[in-house]
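As a plain string of letters, each chain reads:
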Amino acid sequence: MELHFSVKSLNKQSSINKTGYILRKDMKNYDTGEHYKCSKSNEDLIFSNTLLVEGMPNNYKNPETLLNALIQDPVAKQTKSIITRDWCANLSNSFIVFNHNGNIDKDKTSQLPKPILDQYFNDNFVNDKSAVIYAVHCSRNKNSNTFNLHVHWESLAYKYENDSFISKSYKNDLGKKQYRNPLDNKYESHLIIQKLRYNLANIQNNKLKEMGIDQTIEYKSYESRIINKIPNIHLEKSRYEELCQLKKKYSYIDDVVLRNKTIIKENFLTKEQIKFLNIESYNNKDTLDNSYYKRILNNAETNHKVNKLGYAARSNLKGIIIKGLFELNQFVEKTNQNANKNNMRGR
């Protein structure tokens with residue numbers, strides 16, 4: 001099982017909105033008076049928890065109170081201050097417990113991942129002075145009757161020490177800027193994220209082994225394993241289900257790349273849905289037995305290896321992927337046109 005792991009930084013209002021979203025509840029920004037009204041049902045919410053740093057007041061167990069305390073603190077006085085980091089990762093579906101009706105038993109399901117998640121967040125965030133708000137969801141795809149157990153969490157971007165939030169950086173004796181959290185350092189953050197990926201996979205693997213389940217969570221990226229694939233993006237449940245319906249509708253097209261191209265061409269999709277299908281096409285590129293396209297991929301791989309240097313490498317790879325997807329679409333379009341011409345000639 002592949003570990004899907006993502007992170008992004010959120011400003012003040014975005015932190016309020018996303019926390020309300022993952023907790024499936026309304027939230028308010030005390031600073032601006034702006035409300036987040038949650039329109040989603042809590043049907044998929046298994047459980048949630050707030051883990052505080054030692055010394056934090058008990059009322060900070062309320063996520064709304066905790067976030068607003070930081071938003072209104074002088075250390076985060078700038079309008080665009082990053083308040084939280086928004087994380088998401090999948091969990092093993094082996095932790096899901098069903099009742100006799102075939103529905104998820106939320107109480108029993110929460111008993112399996114909660115202890116290991118509490119341990120993970122305490123070891124990797126809370127003990128390092130960063131509070132965490134997290135929620136475990138389990139979405140169900142009604143078309144394929146499959147489940148997706150996953151966890152969202154918001155880690156506070158400011159550490160809490162000596163009864164107060166502290167600045168993200170300071171100057172050492174030589175006057176050089178030092179970050180308190182390596183996640184704020186662009187030269188170190190990717191190493192920390194890799195460590196967090198490993199720790200989350202490892203703690204799940206240990207639990208699965210304890211349960212006697214023969215399953216392994218793979219934390220390494222496709223790139224580090226020299227697998228020529230791109231991890232796909234996370235879609236909202238409704239958008240993902242729309243694509244599932246369309247794939248079912250176009251199932252008469254055997255080739256994944258040609259099917260996805262047809263779906264994009266004949267339907268009105270969001271940018272995220274198009275990107276999802278394009279990445280899926282890229283990962284199924286071997287279905288196209290064409291030397292021209294394989295040459296494009298080989299050139300892309302060569303360019304990536306030559307330019308494999310930190311942030312510049314990731315930026316370069318993103319450009320390569322975009323170019324590769326663009327050329328893939330051009331190739332598929334040309335293939336469709338040739339097929340149409342041949343059909344016309346046949347008539």
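Whatever comes next refers back to the structure up there.
Residues numbered from 1 in each chain as written. Predicted model: local features only at pLDDT ≥ 70, side-chain atom pairs only at ≥ 80, totals over all residues. Heavy atoms only, no water.

Our next topic: the pattern of salt bridges. One pass over the structure, following the stated rule, counts 9 salt bridges. Between Asp184 and Arg85 there is a salt bridge, with the nearest N and O atoms lying 2.3 Å from each other. Of this pair, Asp184 sits in the loop between strand S11 (177-179) and helix H5 (189-210) while Arg85 sits in strand S5 (residues 84-90), and the two are 99 residues apart along the sequence. Judged by its relative accessible area of 6%, Arg85 falls in the buried class. The salt bridge partner of Glu242 is Arg239, with a shortest N-O separation of 3.7 Å. With a gap of 3 residues between them, Glu242 and Arg239 both fall in helix H6 (residues 237-249), about one helical turn apart. You can call Arg239 partly exposed: its relative accessible area is 33%. (Salt bridge = Lys/Arg side-chain N within 4 Å of Asp/Glu carboxyl O. Helix = DSSP H or I, 4+ residues; strand = E, 2+ residues; numbered from the N terminus. Buried < 20%, exposed > 50% of the residue type's maximum accessible area, 1.4 Å probe, protein only.)

Attention shifts here to a positive patch on the surface. A cluster of like positive charges, contributed by Lys40, Arg140, Lys142 and Lys237, occupies part of the molecular surface. Note on placement: Arg140 falls in strand S6 (residues 132-141). (Patch = residues over 30% accessible without salt bridge, like charges linked within 9 Å, V, L, I, M, F, W, Y side chains within 5 Å. Areas by Shrake-Rupley, 256 points an atom, 1.4 Å probe, with all protein chains shown as cover. Lys, Arg positive; Asp, Glu negative; His and termini not counted. Charge placed at Lys NZ, Arg CZ, Asp CG, Glu CD.)

This brings us to the sheet that holds S5. The 5 strands are arranged S1-S5-S7-S6-S4 in an open sheet whose pairing can be described as antiparallel. Two strands in the sheet have a free side with no partner beyond their single neighbour: strand S1 (5-10) and strand S4 (45-51). Across the sheet, the mean angle from the axis of one strand to that of its neighbour is 15 degrees, orientation sign disregarded. As paired strands, S5 and strand S7 (residues 146-156) are joined by 7 bridges and run antiparallel to one another. When the bridges of S7 are listed, Ala89 appears paired with Val151. Helix H4 (residues 113-124) contacts S1, S4, S6 and S7 of the sheet and is inclined by roughly 30 degrees relative to S4. (Pairing = 2+ DSSP bridges. Axes fitted to C-alpha atoms, helices over the stretch in contact; angles between N-to-C directions. Contact = heavy atoms within 4.5 Å.)

What follows concerns H5. For H5, built from 22 residues, the straight-helix expectation of 32 Å at 1.5 Å per residue is met to within 8% by its first-to-last C-alpha distance of 32 Å. All of the buried residues along H5 are Ser189, Leu196, Arg197, Asn199, Leu200, Ala201, Ile203, Gln204, Asn205, Lys207 and Leu208. Phi turns positive, to about 75 degrees, at Gly212, one or two residues after H5. (Expected span 1.5 Å × (residues − 1).)

Now for the pairing of S7. S7 sits mainly inside the fold: 9 of its 11 residues count as buried. As paired elements, S6 and S7 share 10 bridges and run antiparallel to each other. Each residue of the ladder has a partner; that of Ala135, found in S7, is His152.

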